[in-house]
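The chain contents come next:
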Amino acid sequence: AGNFTGLLSKVDRRSGKALDEAPKFVKSGDSCVARLAPQKPMCVEAFSDYAPLGRFAVRDMRQTVAVGVIKTSEKKEAGGGKVTKAAQKKK
């Protein structure tokens, strides 16, 4: 689960060149570069580094809304989450 926080650029599907910077919307069939913020921790990698973890699909109400590949990801430090009883015993 995640939210689209912004559209960075609209991209030509054939050449891959940016057509429009910061578009307000994209139509069905258009290609774009967008920023997606996950609501929960998510295990992803850039498509160029590891292809199986570099693909995604966004679904809403059982319909596929978007599919694509991950260009880059911003990694956060681990921590601040729940600590299980087994992990507490190990310390």
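Here, the structure is the one placed above.
Here goes a summary of the coordinates provided. (Residues numbered from 1 in each chain as written. Predicted model: local features only at pLDDT ≥ 70, side-chain atom pairs only at ≥ 80, totals over all residues. Heavy atoms only, no water.)

### Details of the pattern of salt bridges
Phase 1 of the analysis: Scanning the entire structure with this criterion turns up 3 salt bridges.
Phase 2 of the analysis: Here E74 ties to R35 by a salt bridge, and the two come within 2.9 Å at their closest N and O atoms. One end of the pair, E74, is in the loop between β5 (63-69) and α1 (85-90); the other, R35, is in strand β3 (residues 31-38), and 39 residues separate them in sequence.
Phase 3 of the analysis: For R35, a relative accessible area of 39% corresponds to the partly exposed category.
Phase 4 of the analysis: For the salt bridge of K75 with E45, the shortest nitrogen-to-oxygen distance reads 4.0 Å. Of this pair, K75 sits in the loop between β5 and α1 while E45 sits in the loop between β3 and β4 (55-60), and the two are 30 residues apart along the sequence.
Phase 5 of the analysis: By relative accessible area, which is 63% here, K75 ends up exposed.
Phase 6 of the analysis: Given a relative accessible area of 26%, E45 falls into the partly exposed group. (Salt bridge = Lys/Arg side-chain N within 4 Å of Asp/Glu carboxyl O. Helix = DSSP H or I, 4+ residues; strand = E, 2+ residues; numbered from the N terminus. Buried < 20%, exposed > 50% of the residue type's maximum accessible area, 1.4 Å probe, protein only.)

### Topic: the environment of V26
Phase 1 of the analysis: Its location among the elements puts V26 in the loop between β2 (18-21) and β3.
Phase 2 of the analysis: Put simply, V26 and K10 are 16 residues apart on the chain and 7.5 Å apart in space, counted from C-alpha to C-alpha.
Phase 3 of the analysis: Beyond its immediate sequence surroundings of up to four residues, V26 is in contact with L7, K10 and C32. (Contact = heavy atoms within 4.5 Å.)

Spatial relationships are all this shows, so hold off on functional conclusions.
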